[in-house]
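# Observations on the model geometry
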Amino acid sequence: MTHHLPNPAGLQQALPSGAALLHDPLLNKGTAFTLAERHALGLEGLLPPHVHTLEEQVARVMDNYRNKQTDLERYIHLVSLQDRNETLFYRVVVDHIEELMPIIYTPTVGQACQQWGHLFRRPRGLYVSWRDRGRIAALLRNWPHGDVRVIVVTDGERILGLGDQGVGGMGIPVGKLSLYTACAGIDPARTLPVMLDVGTENEGYLRDPLYMGLRQKRVRGPDFDAFVGEFIEAVREVMPRALIQFEDFANLNAFRLLEQWREKVCTFNDDIQGTAAVTLAGLYSAQRLTGKKLREQTILFLGAGEAGVGIGELIVSAMIEEGATPEEARRRCWFVDSQGLVVRSRKGMAAHKLRFAHDAAPAPDLLSALEALAPTAIVGVSTVARAFNRPVIEAMARVNDRPIVFALSNPTSKSECTAEEAYGWSGGRAVFASGSPFPPCAVGGKTFVPGQGNNSYIFPGVGLGVVACQARHVTDRMFAAAARTLAELVEPSDLAMGRIYPSLTRIREVSARIGVAVAEVAFRDGLAGIERPADVPALVRGAMWTPEYPVYV
Ligand code: NAI
């Protein structure tokens, strides 16, 4: 008798049996296969006799996990589990999200990317290299799962704040898609991580015999754009319902690709738009502590790249919604980059900075810009560790009762300051958030729980909303709605601890609420691919996959 796997689309798919079933990570239940299933599916003898519950399996995984000596070993342990049994992997991650997120995502994933070729065990996702140009659609057809709904794609050129990681950048799409599933319940069988390998400038990798990518310098210019274009067209043809999230491309390509494709396909860039939304949400929460409206803030960014400019643009549109004119709003956002304050008189500036280049006297560095502008908030997106040093934080604390200090560079080693430094040097008055997590710290007899301005508060929920209503495009209005929703979910008890984001333990609720907000924008703006149902929250919750074992027999 052939057994069939029920799936959400109601289609019947033949269920493999015996060893093939144990080796299919999407179907495997390991020691949790019941005796009836073992009998019917040819598994007898292939498993030890006792049948475990999912909860017992979770306890075993966590026991092993906590015995590991390093974070990288913990990462390998979890990824290997994901390769064997995805349901168990996601149950473990969902139940221990605060503990495990820093391992499957920043900061540990950064280390994994740096050692990709050395750690490699099993491939996951799709590797599309420059050698495959002209036949990318054929590669997409090799992907074994139908109806892909979310793709995360990178070319590995700007991985976190670690620079060019070449093909090792694949760790990021893999990690982000794990978060789509864990945080927002996107069905793992409908996700696809993609690495576009066009070479690397990283000499260390080019010399490393274990490096797994093309051994050539990066393809640039029109050839690169044509290659990315072929990939997007191939997705359109082979996986027409997929949302494409661009991830960790260098800023010289990221802005252009976003502009080129955002109106044509269903796509967004998380470094630009997701970061912007999570930071805007942080500023909305900070408003409840500082008593100042967003449009009354003066924000000084360190770093004028994808993250910084993306945040600046979303803040400008939010200030305009609060009643500011476009000119007023832009004058409230200032940038310092590696050459000092971004001002109009500067020559040869990259296009993405021009809209924030104000008429003002040049300032050579952050401290002099800070003294000239007296900002209410500083936002670090520079990849420069310790750039928010004692004089900077003290200067902020001199001009503000509650200085806002967001040190967003990742991983932890690149953070502009630590939580302890921000609270300590400001006499416990800073409103602080970081990109990578910091543990709670005690300053002046008070314990602070620092918030993490983590994009995973935003992108999984945005993706969920887009998938649920089959949105044709992803718009800035959706990200603005996501930011407002996230800020609304911050409780007074969070703020009392200094935390300007909700606890990560509530992430599935947060994502569901953001999903609803995003779908509502899509319905309102005529971008949804389906009719608006009466109950949008039910639509969104119905689209969420939960890590529970199916009963096969
Ligand atoms: P990017 O490469 O586009 O921009 C970096 C910017 O920093 C450039 O404008 C550069 O001129 C500037 N910079 C470099 N050295 C500097 C110096 N010495 N002084 C002042 N400015 C300097 O990179 P992107 O995408 O903007 O990312 C920046 C950082 O933000 C990364 O560490 C990334 O991991 C982090 N990030 C954090 C997120 C979060 O926590 N939610 C999300 C996205 C990015």
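This structure is a prediction, so every number in the text was calculated from the model and none was measured.

### A short note on the environment of arginine 158
Looking at the secondary structure, you find arginine 158 in the loop between strand 4 (150–154) and helix 10 (171–184). Classification of arginine 158 by relative accessible area gives partly exposed; the value is 24%. Sequence-distant contacts of arginine 158, defined by excluding residues within four places in its chain, comprise Gly163, Asp248, Phe249, Ala250, Asp271 and Glu306. At 2.9 Å, the side chain of arginine 158 forms a polar contact with the backbone oxygen of leucine 160. Of note is the side chain of arginine 158, whose polar atom sits 2.5 Å from the side chain of aspartate 248.

### Remarks on the domain arrangement of the protein
It is common to give the size of an interface as the accessible area that goes away when the parts come together. Looking at the assigned domains, one finds that the protein contains domain 1 (4–98), domain 2 (103–265) and domain 3 (273–456). Both sides of the domain 1 and domain 2 interface together cover about 1,800 Å² of buried area, and 66% of this is carbon and sulfur. A salt bridge links aspartate 83 to arginine 124; the shortest N-O distance between them is 3.2 Å. Along the contact surface separating domain 1 from domain 2 lie five residue pairs in polar contact (both at pLDDT 80 or more). Where the side of domain 1 that touches domain 2 is concerned, the elements lending two or more residues are helix 4 (71–84) and helix 5 (86–95). If you tally residues by element for the side of domain 1 that touches domain 2, the top one is helix 4, at nine residues. Across the side of domain 1 that touches domain 2, the residue classes break down as twelve nonpolar, two polar and four charged.

### Quick word on helix 15 (residues 306–321)
With 16 residues, helix 15 should reach 22 Å at 1.5 Å per residue; the first-to-last C-alpha distance of 23 Å fits that figure. Burial of helix 15 is extensive: twelve of the 16 residues sit out of reach of the surface. Of the residues making up helix 15, those classed as buried are Glu306, Ala307, Gly308, Val309, Gly310, Ile311, Gly312, Leu314, Ile315, Val316, Ala318 and Met319.

### Some details on the sheet that holds strand 16 (residues 451–452)
Reading across the sheet, the seven strands line up as 10-9-8-11-12-13-16 and stay open at both edges, with mixed pairing between neighbours. Each having just a single partner strand, strand 10 (340–341) and strand 16 make up the two edges of the open sheet. Against the sheet, helix 17 (residues 366–373) engages strand 8 (299–302), strand 9 (333–337), strand 10 and strand 11 (377–380), with an angle of about 175° to strand 8.

### Notes on the packing of aromatic side chains
Considering all chains together, one arrives at 14 aromatic pairs under this definition. The interplanar angle of 5° and the centroid separation of 4.4 Å between the aromatic rings of phenylalanine 301 and phenylalanine 335 together place this pair among those described as stacked. One end of the pair, phenylalanine 301, is in strand 8; the other, phenylalanine 335, is in strand 9, with 34 residues separating them in the sequence. As far as burial versus exposure is concerned, phenylalanine 301 and phenylalanine 335 are alike and both buried. An aromatic cluster is built from Tyr423, Phe432, Phe438 and Phe448, whose rings are joined through pairwise contacts. The ring of tryptophan 130 is capped by arginine 133, whose NZ or CZ atom sits 4.1 Å from the centre of that ring.

### Examining the nonpolar core
With 164 residues, the main nonpolar core has Ile151, Phe231 and Ile458 as its most contacted residues. Of the residues forming this core, the biggest block, eleven residues, is contributed by helix 23 (residues 507–524). Residue contacts for phenylalanine 231: discarding those within four places in its chain leaves Ile136, Leu140, Ile151, Val153, Val194, Leu196 and Ile244. In this structure, Trp334, Ile378, Ala422 and Tyr423 belong to the second largest nonpolar core, which totals 29 residues.

Rules of the game
- Residues numbered from 1 in each chain as written.
- Predicted model: local features only at pLDDT ≥ 70, side-chain atom pairs only at ≥ 80, totals over all residues.
- Heavy atoms only, no water.
- Helix = DSSP H or I, 4+ residues; strand = E, 2+ residues; numbered from the N terminus.
- Buried < 20%, exposed > 50% of the residue type's maximum accessible area, 1.4 Å probe, protein only.
- Contact = heavy atoms within 4.5 Å.
- Polar contact = N/O pair within 3.5 Å; in protein donor to acceptor, adjacent residues only side chain to side chain.
- Domains from an automatic or database assignment.
- Buried area = accessible area lost by both parts, 1.4 Å probe.
- Salt bridge = Lys/Arg side-chain N within 4 Å of Asp/Glu carboxyl O.
- Nonpolar A, V, L, I, M, F, W, Y, C, P; charged D, E, K, R; others polar.
- Expected span 1.5 Å × (residues − 1).
- Pairing = 2+ DSSP bridges.
- Axes fitted to C-alpha atoms, helices over the stretch in contact; angles between N-to-C directions.
- Phe/Tyr/Trp six-rings, centres within 6.5 Å; stacked < 30°, edge-to-face > 60°.
- Lys NZ or Arg CZ within 6 Å of the ring centre and 35° of its normal.
- Core = buried A, V, L, I, M, F, W, Y, C linked by side-chain atoms within 4.5 Å.

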